[in-house]
Amino acid sequence: MRKIYVFDTTLRDGEQSPGVNLNTREKVEIALQLEKLKIDRMEAGFPAASPGDLAAVNAVARAVKDVTVIGLSRSRESDIDAVREALQGAQDPCIHVFLATSPIHRKFKLRMEKQQVLETAQASIRYAKKYFSKVEFSLEDAGRTELDFMAEVVGMAVREGANVVNIPDTVGYLNPSEYGAIFKYLKENVPDIEKVQLSAHCHNDLGMATANTLAAILNGADQIEGTINGIGERAGNTAIEEIAMALETRSEFFGAKTGLVLTEIARTSRLVSKLTGMVVPGNKAIVGANAFAHESGIHQDGMLKEKTTYEIMTPESIGLKESKLVLGKHSGRHAFREKLLDLGYELSEEQVNDAFAKFKVLADKKKEVSDEDLLALLEEKLIDTPEVFKLETIFVAYGNESTPTARVRIATVDQTIEEEAEGNGSVDAIYNAIDKVTGEEVTLADYSIKSVTHGKDAQGEVHVVLSQNDVAAQGRGLSTDILEASARAYVDAVNVLIEKRKTFSRRERATL
Ligand SMILES: [Zn+2]
C-alpha cells in the first residue's frame, strides 16, 4: 500500500475563506487537533502577511511536536526571512516557496518572461535551501501553464534540491483526466523526478477538487494538499476527509492510503467549523449531518438487516458514535462524567464541575440532552477571551404590528449597565441596545444560526462576524432560545474584537 502524505492548509488557504479570520489561540487549538488526526504536514500560515500572522505561525510551530510545520513564502528574500523567524522553535520546519508560471500570470501579474520566472524561482529556492533542509516549491497556476515550460521549472527545482514540488490548480479549472495527465507527463519527462515528491493542490470552483486530487494520486502524486471541510478561497480546497475516506473505502482500487487517524475526522471537522464559523452543509460528503442519515432512523429497521446494502462506510469509522446513554434532568454527576469519557473528553475536576453546572441549566430546559447538545456545550467556550462585557439579562418586546424593543443588562469590570433600543426586528433591537452599552461602532458582517439538534427544544447556535475598520471578529452563542443565543454571540464578538484590536496589523495576501 503506497503512503500518501497529507499536507493540511486549513490554517493558511482555509483561513483565507471569505469572512474567516482566526486568531492565534484558535489556530493553535486547530493545530493540536490536526496533530491528533495525524496529518503529516501543516501549513500554519503566511508569515510575511503581517506581524500577527508571523506570531501565529510561531505559536503553532512551538505547540505541535509530531508534524512538519510549514510557512508560506513568495519568491523573495524578505518573505523567506519571515518564515525563518516564524518557524523558530519548530521540531520539523519546512518552507513553502511559490511563483506563478502560467502565461496569464506571467504577463499580467508578474510582468516577467519565462526566463525571468525561471531565474527568480531558482534564486529563491537557493536562498531557502541555505536555511531549510526541507523546501517545497509551488508553481502557482500550474494548471494553466504550458507543459514544456512546467517541466523546465520542475526540472530546475529538482536540481536545486527542492524536496516537494507542488502542481496547484490554483483557479480550479482542470478536469481529472487533464490534471492526472500533468503528473504522468512530469514523471515521464523530467530527469531525476523520483528525487522529489510531487504534490497535488486543487480548488473546487467546478466541484472537481476531490476528483482531480484522486486523479493525481493515480498518476503518481505522493502528497495531497487540502483543508478540513474543504474550506478555502472561493469554492474552497480539496476536502482532506474526502480523500482519506475515498482511499480507505476503495483501497483495492487506489492501492494507496493516508496515515490519518480516521476516527478523529468528525471531531476535527466540528472544531474547524466552530472556530471558523463556516457551517458544514448537511449534504457535505463524509462530515455533513446527513452523510450517515440512515443512522437517524430514515431507513426502517428492516432495511438495515444488512447494513452494507446502503452503507459503504460506517459512521464509527470517522469517529461518530451511536448514543446509548441519553442524559436528562435527573442524571447525576457520575453518569455525566462517564458520558464525557465516552465522548473522548478527559477533563479536570474543575472543568467537569463547570460543565456539569452548564449541563444542569440545559437539562432544566430540555427533556433529553443528546450527545450533540453536550458537545456544543463543551465546545462553546474553547478559547477564553477576556470578558470586557458580560451579558446578564435580556428582555425583548415583539409584535408583528409594533416596533420591536429590547433591553439588555451587561456587566463590565466595575459596573452594570442597562440600555434599551428599538430595531427593525428583535435581533436588530438587541444589537442596538448592546451597541449603546459598549459604545463600539461595529458593522454586522455576517449572522448565521443553526440548530444543534432536532425538535422544538433544540439548542440554537448563533455565529456572528463583526467588523470595525479593518478588524474582523467572530463570536458564538449557544442557547435554547435563539434571541439569547444571538445576544451572546454578539457580546462574544465584541469582546474578541477588543482583544484583537490590540495586536492588529494590515495583512498582505498570497493566493496559491
Ligand atoms: Zn490554494
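Residues numbered from 1 in each chain as written. Predicted model: local features only at pLDDT ≥ 70, side-chain atom pairs only at ≥ 80, totals over all residues. Heavy atoms only, no water.

### Notes on the sheet that holds strand E14 (residues 416-422)
- Taken in spatial order, the 3 strands of this open sheet run E12-E13-E14, and their pairing is antiparallel. Two strands bound the open sheet, and with one partner strand each, they are strand E12 (390-397) and E14. Adjacent strand axes in the sheet meet at a mean angle of 15° when their direction is disregarded.
- The pairing of strand E13 (residues 405-411) with E14 spans 7 bridges and is antiparallel. Residue pairing in the sheet places Ile410 in a bridge with Ile417 of E14.
- Contacts from helix H15 (residues 426-438) reach E12, E13 and E14 within the one sheet, and its direction differs from that of E14 by about 140°.
- On top of the sheet, helix H16 (residues 482-501) reaches E12 and E13; it is set at about 140° to E12, its chief contact. (Pairing = 2+ DSSP bridges. Helix = DSSP H or I, 4+ residues; strand = E, 2+ residues; numbered from the N terminus. Axes fitted to C-alpha atoms, helices over the stretch in contact; angles between N-to-C directions. Contact = heavy atoms within 4.5 Å.)

### Brief notes about the pattern of salt bridges
- Per the stated rule, a full pass over the model turns up 37 salt bridges.
- Asp92 serves as the salt-bridge partner of Lys134, at 2.9 Å between the closest nitrogen and oxygen. One end of the pair, Lys134, is in the loop between helix H5 (114-131) and strand E5 (135-140); the other, Asp92, is in the loop between helix H3 (77-86) and strand E4 (93-100), with 42 residues separating them in the sequence.
- The class of Asp92 is partly exposed, set by a relative accessible area of 24%.
- For the salt bridge of Arg488 with Glu484, the shortest nitrogen-to-oxygen distance reads 3.0 Å. A residue pair is termed a helical-turn pair when its members lie 3 or 4 positions apart in one helix, as Arg488 and Glu484 do in helix H16 at 4 residues.
- Residue Arg488 is classed as partly exposed on the basis of its relative accessible area of 31%.
- Taken together, the shared-partner salt bridges connect Glu392, Arg407, Arg409, Glu418 and Glu420 into one network. (Salt bridge = Lys/Arg side-chain N within 4 Å of Asp/Glu carboxyl O. Buried < 20%, exposed > 50% of the residue type's maximum accessible area, 1.4 Å probe, protein only.)

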